[in-house]
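Residue-level listing of the chains:
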Protein chains: 2
Amino acid sequence: MKELTYNTEDPIAALATGWEESAIAVIRTSGSDAIGLASNIFSNKGGLQKAEGGTIVYGYVVDPETGERVDEVLAAVFRAPKSYTGEDSVEFYCHGGIPAVSVVLSALKKGGFRDAAPGEFTMRAFINGKLDLTRAEAVHEIVTARTARAHSLALNRLSGGLEKRIDGLKKRLLDMLSSVELLLDYPEDELDGQAGEYPLDAKAVSELCADIGRLAESFKAGKVFRDGVPVALAGRTNAGKSSLFNLLLREDRAIVSEVHGTTRDYIESWITVKGIPLRLFDTAGLRASDNPVEAEGIKRSGEVIAEAGIVLYLVDSTEGLNEEDEAFISGFEDAERLIKLWSKIDTVPAAGEENDADIPEGFIPVSSVSGKGLNDLEDALSEAALGRKGLEDDVVIDSMRQRDLLSRAKEALVNTAAAAAEEAPLDAAAMELRDALDALGEITGEVSSADILNNIFSNFCVGK
Amino acid sequence: MKELTYNTEDPIAALATGWEESAIAVIRTSGSDAIGLASNIFSNKGGLQKAEGGTIVYGYVVDPETGERVDEVLAAVFRAPKSYTGEDSVEFYCHGGIPAVSVVLSALKKGGFRDAAPGEFTMRAFINGKLDLTRAEAVHEIVTARTARAHSLALNRLSGGLEKRIDGLKKRLLDMLSSVELLLDYPEDELDGQAGEYPLDAKAVSELCADIGRLAESFKAGKVFRDGVPVALAGRTNAGKSSLFNLLLREDRAIVSEVHGTTRDYIESWITVKGIPLRLFDTAGLRASDNPVEAEGIKRSGEVIAEAGIVLYLVDSTEGLNEEDEAFISGFEDAERLIKLWSKIDTVPAAGEENDADIPEGFIPVSSVSGKGLNDLEDALSEAALGRKGLEDDVVIDSMRQRDLLSRAKEALVNTAAAAAEEAPLDAAAMELRDALDALGEITGEVSSADILNNIFSNFCVGK
């Protein structure tokens, strides 16, 4: 194996929480002598050295050069192999804020730790056999998840859901390969009772191929949950775009605002519909502008609509469809991306029941005043994002690496199935099966190169 | 005592780290039944219930309504009184990121915890006698400190430096008050050997008064470390302001960039000089603009200069002083706020040594190219911020509340000293001494009202 970017023997340290003013910050360390080195910069040196794994010691971090107490902390001690990395580890719970974190990190560096690279803790956990690669990747996904549902899917992978699925597929592959290799090693005339029987069942190969293909396909859904889907609101001026935008945001805000201290600006136009993260763009503002850059605004609206995964096209029910609307709708190429809304149904002057006959076919009636139609709209958004069947399986992948490896395995099995159907010579089939097995092994990390590992872990945040 | 804003019996929970994508987030809980309630939403219920204080249990947080595992966590158990608040407490170390934190907080709320108010953990620590008020206030200051020196001053207060100082002052006050009250309770003719001796030593009273006054005065320095000092760069176009600005920023950047992941934009123009946080404003950009709002730019430059705590005025040494420079300098009212710089000394075409005689009196020669003069400039900045003597004492206050109470105590002692000098009747002196003692008691929180507490703790971040 080529060398990893970083020496895995060094004692490492990194901030594992954000660089914000906060009550607490966590600084993580790991390494075979992490406890000894940490105790050298700790006021209660003996207490830390003797601490059992899984216990917490109170004290001060001390600058080893000046002897000055630089912060009051709790130090949690973990002893190998019962730690995140599988090595000895001390986690410091110090005061939040940049100066506190800086002085503690500086004391740790003077004490012999080096800055950890992004993902280095998880990479060590992988190297030490604490996690397979699918779980290691989930560590990153869980931190960057945008919705509770995305978090839950990543947690499932972290808990080994994907690893188990891959292991099941590998077992079926291995059974096939064994029976093929048995015949290759011992020509059939040497074996009793199996004479003449072709060792591969074309149907079983095709089923396995289909199962691998379905898992590869789940990448689409995984990507929806990981990256979200851009949704553009379109329609003529005064079609009710801004009201609907605000309604969708407000519905979601109610959830966000339960949470104290949310201050990330970009959340403002992210909404969550049935656990799916959607990035909502209102093209209204771009068009309604009175200043001379209006032409630019219209151009940008067009770009937003072109790039959106889903377009909500609003028609004001009190005005009805006109030529401009019909031109937009008929000119829209990908019907599955388009959701047509019949807006402002609250203002239709109906006596009692509204008249459904008035609603053009394929339009969903909505009211931003009463919220009527919001459920239907959410169903339509979910269907446009995930397809009619929604999410049928809790095990989905969201890593392109995994998708590509599954596709490679699937292709090898397509070839195997063709060979089996023709009862072709076994050498070629065995090679294909071995390749499929290698691809699955690479997913979980049984087969992996330093390049792959460096690439996977370099996307992580520091401290993971 | 009036009621506190929040019921101190409720089990409380809050995020103690920032709302950012990060490896780890810490969610803190406290309350007399915190361990029981937390174990109800924990996969390893028995393990958490039986855990000793200061130990860590691995498991999953479980939504009590759905039974779903919502995050993989470490739970640290603290048992009263050995906890931050003095109550039973569980801290959850869960995955960072908004969804992970949201689902864990939501499970805690369903499990019987309520959101903690800002500062509520520290308020409970105060109420339960874990901290006096000077230390409780330092908890907030330590988190919001801008430089390592400011952090160190706050850590000193947190460790009880100010509390001890106040206790010492109180003891001296109490001794004086006792001797006065002894005479008031037992008129002098009843006491042997003390007949005729006035119980207050005017010199001792004055010394105590001066010590209290010095501590009150340290508020100025404390405020410098807490809030920083705005520093404006001024001078004619091409005097070298932007180069110096960049040099000062770069010097500091070298320190900041040692630290991975620093992304807070506002740091960009904060610099640290001898541990003092300075907010650097370059007025150059405002003036050099070519567009029609130049007049507005000059007006804003003037405002920045007027509001700055320190003004660095640059004169290009290759051009020399002109009338505009002399008008600015002579028109500047507060000489202590003005630092005059003789810039671009690198470009003076001197053969060998530069000629110091060329430098006008009171100017510091600097070169943004070679960095020459930077040390002298830093000395001058420190002196302008803190005075010629710098920081003489590690115990400084940075709370206006403490300053006002110290001033009240000082005033009472000024009156006492006057009474003592005249050997005035003792009743009035006793009243003044009691008032001074009350003021000092209020600083540490022996004497405190609900209003004061609510006011102090409401400035804290949530989770502290």
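Reading the values: rules and limits
- Residues numbered from 1 in each chain as written.
- Chains lettered and ligands numbered in written order.
- Predicted model: local features only at pLDDT ≥ 70, side-chain atom pairs only at ≥ 80, totals over all residues.
- Heavy atoms only, no water.
- Contact = heavy atoms within 4.5 Å.
- Buried area = accessible area lost by both parts, 1.4 Å probe.
- Helix = DSSP H or I, 4+ residues; strand = E, 2+ residues; numbered from the N terminus.
- Nonpolar A, V, L, I, M, F, W, Y, C, P; charged D, E, K, R; others polar.
- Buried < 20%, exposed > 50% of the residue type's maximum accessible area, 1.4 Å probe, protein only.
- Arc of directions from axis to C-beta.
- Phe/Tyr/Trp six-rings, centres within 6.5 Å; stacked < 30°, edge-to-face > 60°.
- Lys NZ or Arg CZ within 6 Å of the ring centre and 35° of its normal.
- Axes fitted to C-alpha atoms, helices over the stretch in contact; angles between N-to-C directions.
- Parallel < 35°, antiparallel > 145°, perpendicular 65-115°, else oblique.
- Left-handed = near helix turned anticlockwise from the far one by under 90°.

Trainee: Just checking my understanding: could you explain the interface of chain B and chain A for this structure?
Mentor: Frequently, the measure chosen for interface size is the accessible area that the parts lose on association. The interface of chain B with chain A comprises 58 residues on the first partner and 58 residues on the second. Summed over both sides, the interface of chain B with chain A buries roughly 4600 Å², with 62% coming from carbon and sulfur. Residue assignment for the side of chain B that touches chain A shows that the elements contributing at least two residues are strand S2 (24-30), strand S3 (55-62), strand S4 (69-78), strand S5 (89-95), helix H3 (98-110), helix H5 (133-144) and helix H6 (148-158) of chain B. It is S4 of chain B that provides the largest number of residues to the side of chain B that touches chain A, a total of seven residues. For the side of chain B that touches chain A, the per-class residue count stands at 26 nonpolar, 18 polar and 14 charged.

Trainee: Looking at this structure, I do not really get helix H16 (residues 450-457) of chain B. What am I missing?
Mentor: All names here are of chain B. Restricting attention to buried positions, one finds in H16 the residues Ala450, Leu453, Asn454, Ile456 and Phe457. The arc that holds every buried residue of H16, seen down its axis, measures 165°, which confines them to one face. For H16, the elements touching its buried residues are helix H4 (120-127), H5 and helix H14 (400-421).

Trainee: Please explain unusual backbone geometry as it appears in this structure.
Mentor: Excluding glycine, a negative phi dihedral is what most residues carry, and trans is how most peptide bonds are arranged. All names here are of chain A. With an omega of 0°, the peptide bond running from Ala80 to Pro81 counts as cis. On the secondary structure map, Pro81 appears in the loop between strand S4 (69-78) and strand S5 (89-95). Non-glycine residue Lys274 carries a positive phi angle of around 50°. Here Lys274 shows up in the loop between strand S8 (270-273) and strand S9 (276-282).

Trainee: Where do I start with the packing of aromatic side chains in this structure?
Mentor: Residues and elements named next belong to chain A. Going through the model one piece at a time under the given rule, you end up with 14 aromatic pairs over all chains. Here the aromatic rings of Phe126 and Phe457 are separated by 6.5 Å at their centres, their planes lie at 40°, and the arrangement is tilted. Of the two residues, Phe126 sits in helix H4 (residues 120-127) while Phe457 sits in helix H16 (residues 450-457), which places them 331 residues apart along the sequence. Taken together through their ring pairs, the aromatic side chains of Tyr313, Phe328 and Phe332 make up a single cluster. When the ring centre of Tyr84 is taken as origin, the NZ or CZ atom of Arg28, which lies over that ring, is 4.5 Å away. Over the ring of Tyr60 we find Arg69; its NZ or CZ atom is 4.3 Å from the centre of that ring.

Trainee: Teacher, can you tell me more about the packing of helix H5 (residues 133-144) of chain A against helix H6 (residues 148-158) of chain A here?
Mentor: Helix packing geometry: the angle between the two helix axes and the distance between the axes. Residue and element names in this part refer to chain A. The interhelical angle for the contact between H5 and H6, taken along N-to-C directions, is 155°, at an axis separation of 8 Å. On the basis of their axis angle, the class for H5 and H6 is roughly antiparallel. By crossing handedness, the relation of H5 to H6 is classed as left-handed. Two secondary-structure elements touch here, H5 through Arg135, Ala138, Val139, Glu141 and Ile142 and H6 through His151, Ala154, Leu155, Arg157 and Leu158. For the contact of H5 with H6, the per-class residue count stands at six nonpolar, one polar and three charged.

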